[in-house]
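The primary structure of each chain is shown beneath.
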Amino acid sequence: MIFGGLQKNSFIDYPGKISCVLFLSGCNFNCPYCHNPDLVKGCAECPHFLEENGVYDFLKNRRGLLDGVVISGGEPTLQDDLVLLCEKIKDMGYPVKVDTNGSRPKVIQGLIDRKLVDYIAMDIKTDPLRYSPLIKKHCNPSDIFSSIRIIMESGLPYEFKTTCIKPLVNDQIIENISHIIHGARLYALQEFRNTEVLHPEFFQGNKCSYDKDELIRFKAIADPWVEKCVVR
Ligand code: SF4
């Protein structure tokens, strides 16, 4: 297990809970706007590499103070021993939320089948047919479709999220995504904030962000298709 970082307290990452966030290193996507470039590049360049035992000690000591643990990344489903990590955290009594990019549906299904996850948040970057080449050179859309279906049929609380950035998102793409997740319990449209990103060159000379009014227009497009749509 490669831990890239630990946020000791969060009031926003696990809905309704005070949680900590474990960041696992490495990602198979290449989102230009990614705010965790060190994690994506892997541990050699990661400033916050953590020892596994230190993480478990921290979680043991925080029992009774934290309501849950968020496993984020990077992309957590890439880690071979994710099941073991979730088992250890669940054995300590914590509910587990997993953040995923949806590229490994079988891993998500495995966590659900073993009852090792209590909340799933999946990013939908754009229309699944348009992930290549910006998000990943060769992305299989059926993996994204499968993950969406698995999560929606899981019976667990979940949310889908889209960071709204040009050219990955526009009215038509929001409409397409909304159709794909028809009936979803929660869809969050996230504003892009141009801080540290994976590919700063992508943004040079381009206005890629949308303003609040435009996000509200996207919400109006998504609203009829999902139980709840929020702008963050
Ligand atoms: S935003 Fe998420 S999926 Fe995209 S590169 Fe960063 S960690 Fe990977």
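Please refer to the structure higher up on the page.
Since this is a predicted model, take the numbers as computed values, not measurements.

Participant: What am I meant to see in the overall build of the chain here?
Facilitator: When helices and strands are counted, the chain shows seven helices and eight strands. A compact globule built from 232 residues should have a C-alpha radius of gyration of about 17 Å, and the chain, at 17 Å, falls within 12% of that. With respect to the three principal axes, the spread of C-alpha positions in the chain is 45 × 40 × 30 Å. Look at the contacts in the chain between residues 6 or more apart in sequence, and 72% of them connect residues 24 or more apart. Carbon and sulfur atoms make up 50% of the accessible area of the chain, which totals about 10900 Å². Charge-centre separation for the chain: the mean point of 28 positive side chains lies 2 Å from the mean point of 30 negative side chains.

Participant: Looking at this model, I keep getting lost on the nonpolar core. Mind explaining?
Facilitator: Inside soluble globular proteins, nonpolar side chains tend to come together where they are buried. Counting residues in hydrophobic clusters, the biggest one holds 67 residues, and the most contacted among them are L59, I71, L85, F160 and Y187. The next biggest cluster of nonpolar side chains, apart from the first, holds nine residues, and it includes F23, L39, V70 and L186.

Participant: How should the site of the ligand be read in this particular structure?
Facilitator: Residues in contact with the ligand, as listed here, are C27, F29, C31, C34, V40, G74, N101 and K125. Here the ligand is seated within the largest pocket. Grouping the constituent residues of the shell around the ligand by class yields five nonpolar, two polar and one charged.

Participant: When you look at the sheet that holds strand β1 (residues 3–10) in this model, what are you seeing that I'm missing?
Facilitator: Pairing between the strands of a sheet is mediated by backbone hydrogen bonds and can be parallel or antiparallel. If you trace the eight strands from one edge of the open sheet to the other, you get β1-β2-β3-β4-β5-β6-β7-β8, paired in mixed fashion. The sheet is open, and its two edges are formed by β1 and β8 (229–231), each paired on a single side. Within this sheet the neighbouring strands show an average axis-to-axis angle of 20°, counted without direction. Where strand β4 (residues 96–100) and strand β5 (residues 119–123) come together, four bridges link them in parallel fashion.

Participant: Is there a simple way to explain unusual backbone geometry in this structure?
Facilitator: Leave glycine aside and you will find that most residues have negative phi; peptide bonds, for their part, are mostly trans. The peptide bond linking S132 to P133 adopts the cis configuration, its omega dihedral lying at 0°. Backbone torsion omega between K166 and P167 reads 0°, so that peptide bond is classified as cis. Positionally, P167 belongs in the loop between β6 (158–164) and α6 (171–180). We note that K115 has phi near 60°; this positive angle belongs to a residue other than glycine. Assignment of secondary structure puts K115 in the loop between α4 (105–113) and β5.

Calculation criteria
- Residues numbered from 1 in each chain as written.
- Predicted model: local features only at pLDDT ≥ 70, side-chain atom pairs only at ≥ 80, totals over all residues.
- Heavy atoms only, no water.
- Helix = DSSP H or I, 4+ residues; strand = E, 2+ residues; numbered from the N terminus.
- Rg over C-alpha atoms; globule rule 2.2 N^0.38 Å.
- Contact = heavy atoms within 4.5 Å.
- Areas by Shrake-Rupley, 256 points an atom, 1.4 Å probe, with all protein chains shown as cover.
- Lys, Arg positive; Asp, Glu negative; His and termini not counted.
- Charge placed at Lys NZ, Arg CZ, Asp CG, Glu CD.
- Core = buried A, V, L, I, M, F, W, Y, C linked by side-chain atoms within 4.5 Å.
- Buried < 20%, exposed > 50% of the residue type's maximum accessible area, 1.4 Å probe, protein only.
- Near = heavy atom within 4 Å.
- 1 Å grid on protein atoms, 1.4 Å probe; cavity = no way out; pocket = protein on both sides within 12 Å on 5 of 7 lines; lining within 4 Å.
- Sits in = over half its atoms within 2 Å of the grid points.
- Nonpolar A, V, L, I, M, F, W, Y, C, P; charged D, E, K, R; others polar.
- Pairing = 2+ DSSP bridges.
- Axes fitted to C-alpha atoms, helices over the stretch in contact; angles between N-to-C directions.

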